[in-house]
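Here is how the chains run, residue by residue.
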Amino acid sequence: MVNSVANHGYLPRNGLNISLPDLIVAFTAALNLDPAATTLVGNKALLSGNNVTFDLDNLNKHGILEHDGSLSRNDVYFGDNHSFNETIWTSVASHFNQSTISIATAAIARKERLQAAAAVNPAFSLSASDTQFSFIETALYLSIFGSVEDGNAVTEWVKIMFEQERLPFQEGFTTSEEVVTAAGILGLVAKLAAASA
Ligand code: HEM
């Protein structure tokens, strides 16, 4: 999503020297994301840079936000934790065979991806913080492309973000009129965790 927002010019297209206020302005304009939600992730992102700003490439640093078992990227153990990985994404997206993605479906897709990653990576690890952010990432795509209460994200829009790194405005996506709150996202995390048990 950060790449998508930069590709639309809400963040510097060169991906350099991004501050927390830059993120808040960008995610408010592009997604109407609560500044508290942007801050939750943005503060972590700053740790990958110099604590005041970061470059998008810094986000590859393993163990800050970047973690094993991503939905569309390989684990750092295999060398490239950055590039979109078609094989991994195809396995995750095979669950998305309806026009919308429910909380239950998103939970299963995430859980199976983590299990598959753990099965092939002898160095696989996921800290408590990584686990929480992995749930937050799934909650984010469900709430931005669906509803912060019930998920049900539009499958086509989710695929466009992952596969083309752009916002699906041409396909009917519009910036939410209501703030997508941090509290709502954390509520969705709890629902995803319950659906994963
Ligand atoms: C402050 C803003 C944000 C920052 C700095 C940020 C950064 C990151 C980073 C570093 C990752 C990689 C984690 C990994 O899988 O190893 C990630 C993953 C992800 N982010 Fe964000 N993010 C932000 C906001 C958002 C928003 C608003 C969305 C809404 C859709 C989003 C959706 C995702 C998703 C779905 C993933 C998982 C990708 C995958 O597993 O392949 N992010 N984010």
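From a predicted model like this one, the values you see are computed outputs, not experimental measurements.

About the criteria used
Residues numbered from 1 in each chain as written. Predicted model: local features only at pLDDT ≥ 70, side-chain atom pairs only at ≥ 80, totals over all residues. Heavy atoms only, no water. Salt bridge = Lys/Arg side-chain N within 4 Å of Asp/Glu carboxyl O. Helix = DSSP H or I, 4+ residues; strand = E, 2+ residues; numbered from the N terminus. Contact = heavy atoms within 4.5 Å. Near = heavy atom within 4 Å. Polar contact = N/O pair within 3.5 Å; in protein donor to acceptor, adjacent residues only side chain to side chain. Nonpolar A, V, L, I, M, F, W, Y, C, P; charged D, E, K, R; others polar. Patch = residues over 30% accessible without salt bridge, like charges linked within 9 Å, V, L, I, M, F, W, Y side chains within 5 Å. Areas by Shrake-Rupley, 256 points an atom, 1.4 Å probe, with all protein chains shown as cover. Lys, Arg positive; Asp, Glu negative; His and termini not counted. Charge placed at Lys NZ, Arg CZ, Asp CG, Glu CD. Buried < 20%, exposed > 50% of the residue type's maximum accessible area, 1.4 Å probe, protein only.

Draft legend 1. Spatial organisation of the pattern of salt bridges. Taken as a whole and assessed by the stated rule, the structure comprises three salt bridges. We note a salt bridge from glutamate 171 to arginine 166, for which the minimum N-O separation is 2.9 Å.

Draft legend 2. Quick peek at the environment of asparagine 121. Relative to the assigned elements, asparagine 121 resides in the loop between α5 (103–120) and α6 (128–145). C-alpha of asparagine 121 to C-alpha of phenylalanine 133: the two residues are twelve residues apart in sequence and 20 Å apart in space. If we ignore the near neighbours within four places in the chain, the residues touching asparagine 121 are Asp68, Asp75, Tyr77 and Phe78.

Draft legend 3. Representation of the site of the ligand. Surrounding the ligand, one finds 23 residues, the nearest of these being Glu66, His67, Ser70, Leu71 and Ser72. In this structure, leucine 71 approaches the ligand through a main-chain N or O atom, which is 2.6 Å from an oxygen atom. Counting residues per element, the ones that place at least two in the shell around the ligand are α2 (20–31), α3 (35–47) and α6. Counted by class, the shell around the ligand contains 15 nonpolar, five polar and three charged residues.

Draft legend 4. Quick peek at a negative patch on the surface. Residues Glu149, Asp150, Glu177 and Glu178 make up a contiguous surface patch of negative charge. For aspartate 150, the position within the fold is in the loop between α6 and β4 (151–154). The class for aspartate 150 is partly exposed, based on a relative accessible area of 46%.

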